[in-house]
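Letter by letter, the chains look like this.
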Amino acid sequence: MSENISQPPLMSRGMKAVLISQFLSAFADNALLFAILAQFKSSLYPEWSQPVLQMVFVLAFILLAPFVGQFADRNPKGRVMLSGNLLKFVGAFLICVGSDPFLGYALVGIGAAVYSPAKYGILGELTDGERLVKANGLMEASTIAAILLGSVIGGLLSDWSIVFALGVCAVMYAFAVFVNLGIPKLSAAQIGRGWNIKKMFTQFLEATRTLWADKESRFSLVGTSMFWGAGVTLRFLLVQWVPIALGMTDNTTPTVLNAMVAIGIVVGAGLAAKFVTLKTVRRCMPAGILIGLGVVYFSLQTSIIPSYLILIIIGVFGGFFVVPLNALLQDKGKHSVGAGNAIAVQNLGENTAMLLMLGLFSLVTSIGVSVVAIGIGFGAIFALAIGGLWLWDCTRKKS
């Protein structure tokens, strides 16, 4: 009985602060992106500059991947989250006062890279046992809600005033910093490790080699990297597809279409949790193929309502595809290099895939390829790639 009493409550003051901070930060992340894209449109930036903007953000995750996880473990994670949000605020503020948006967004990317490992790592320090699973669920719910609202409101505000939209994003980051002060200053998970950059980098490389050498881990890393590379490309594809296919030039419609994908992902994640286990993880592979075919079909649409429905379905397939692969990697990482290191390696793979696919998207856009043709080709290639991964896995298992 005394053991139960001593367990930390799920919704402690610190947990509430973490969840509120995550909502505010993720809301501002998504609203800021669409506000900057609206700024690009009004200032007549070339279309290829849009994916390049996201590449600047992603590059921060890649360059800092060997260090941010260990930085989070060697400091109180609440203060690490505060530092990340403070960097995001500075980046958004610089954009508001007219600084180069690429520079400001690069600072936001650095802040996000610092913030990411701490926001999940702190959950296990604020609660434990079965409550930890619930805490992760609350974190995901907070994030999805922020993505939906941030994307749509960012587009709506940008249609009214781009400067006001950018200012709202900066204020939201400032609120997130303030809320972070309510997180208790917990002890660092690792003390006295020192800051030998070479050693930290070597340890990260060793974790990367270990996971990629394992067949199950490699299968998951390839699948999730392809998924998130495709996901970020689809976001920019929608921005350029709307005025061409639907004849709409507002900033709200692309954000609502992105929100449809997020809604579908929530549904697909729930279905995966119900019908897929670690032993039956291969059941998710057909959904990956259907994502690509769905993008091909979507690219041919010329009216708004069917577009909404198709994107929700694509999101359902996406959630069903990626959730089991994430679970597989976390399980393998837990029994090899540690769950935290596994997530860091996964982040590196996913962001590298994003960088490469955004670079390709920017290239074909710059040479004048039709956005509809890009969508069809992109969807077909993704379906074939996932099919090839599935076939490779089946062949490997038989041998």
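This is a predicted model, so every value here is computed, not measured. (Residues numbered from 1 in each chain as written. Predicted model: local features only at pLDDT ≥ 70, side-chain atom pairs only at ≥ 80, totals over all residues. Heavy atoms only, no water.)

### As for the environment of Gly-98
- In this fold, Gly-98 is placed in the loop between α4 (77-96) and α5 (101-121).
- Taking relative accessible area as the criterion, Gly-98 reaches 63% and is therefore assigned exposed.
- As a C-alpha pair, Gly-98 and Val-163 span 65 residues in sequence and 9.6 Å in three-dimensional space. (Helix = DSSP H or I, 4+ residues; strand = E, 2+ residues; numbered from the N terminus. Buried < 20%, exposed > 50% of the residue type's maximum accessible area, 1.4 Å probe, protein only.)

### Section: the nonpolar core
- If you look at the biggest cluster of nonpolar residues, it comprises 97 residues, and the most contacted ones within it are Val-18, Leu-32, Ile-36, Tyr-105, Trp-241, Leu-311 and Phe-321.
- Here Tyr-105 is in contact with Leu-32, Leu-33, Ile-36, Leu-53, Gln-54, Phe-57 and Ile-95, once residues within four sequence places are set aside.
- With 10 residues, the next largest nonpolar core counts Phe-204, Leu-211, Ala-342 and Ala-344 among its residues. (Core = buried A, V, L, I, M, F, W, Y, C linked by side-chain atoms within 4.5 Å. Contact = heavy atoms within 4.5 Å.)

### Focus: the environment of Ile-310
- Looking at the secondary structure, you find Ile-310 in helix α13 (residues 304-334).
- According to the relative accessible area criterion, Ile-310 is buried, its value standing at 10%.
- Beyond its immediate stretch of four places on either side in the chain, Ile-310 contacts Gly-294, Tyr-297, Phe-298 and Gln-301.

### Side note on the side chain of Thr-255
- With respect to the helices and strands, Thr-255 occurs in helix α11 (residues 252-275).
- With relative accessibility at 0%, the residue Thr-255 sits in the buried group.
- Of note is the side chain of Thr-255, whose polar atom sits 2.5 Å from the backbone oxygen of Thr-252. (Polar contact = N/O pair within 3.5 Å; in protein donor to acceptor, adjacent residues only side chain to side chain.)

### Focus on α4
- The first and last C-alpha atoms of α4 sit 29 Å apart over 20 residues, in line with the 28 Å expected at 1.5 Å per residue.
- Here α4 has its buried residues at Lys-77, Gly-78, Val-80, Met-81, Leu-82, Gly-84, Asn-85, Lys-88, Gly-91, Ala-92 and Ile-95.
- Gly-98, located one to two residues past α4, shows a positive phi value of around 100°. (Expected span 1.5 Å × (residues − 1).)

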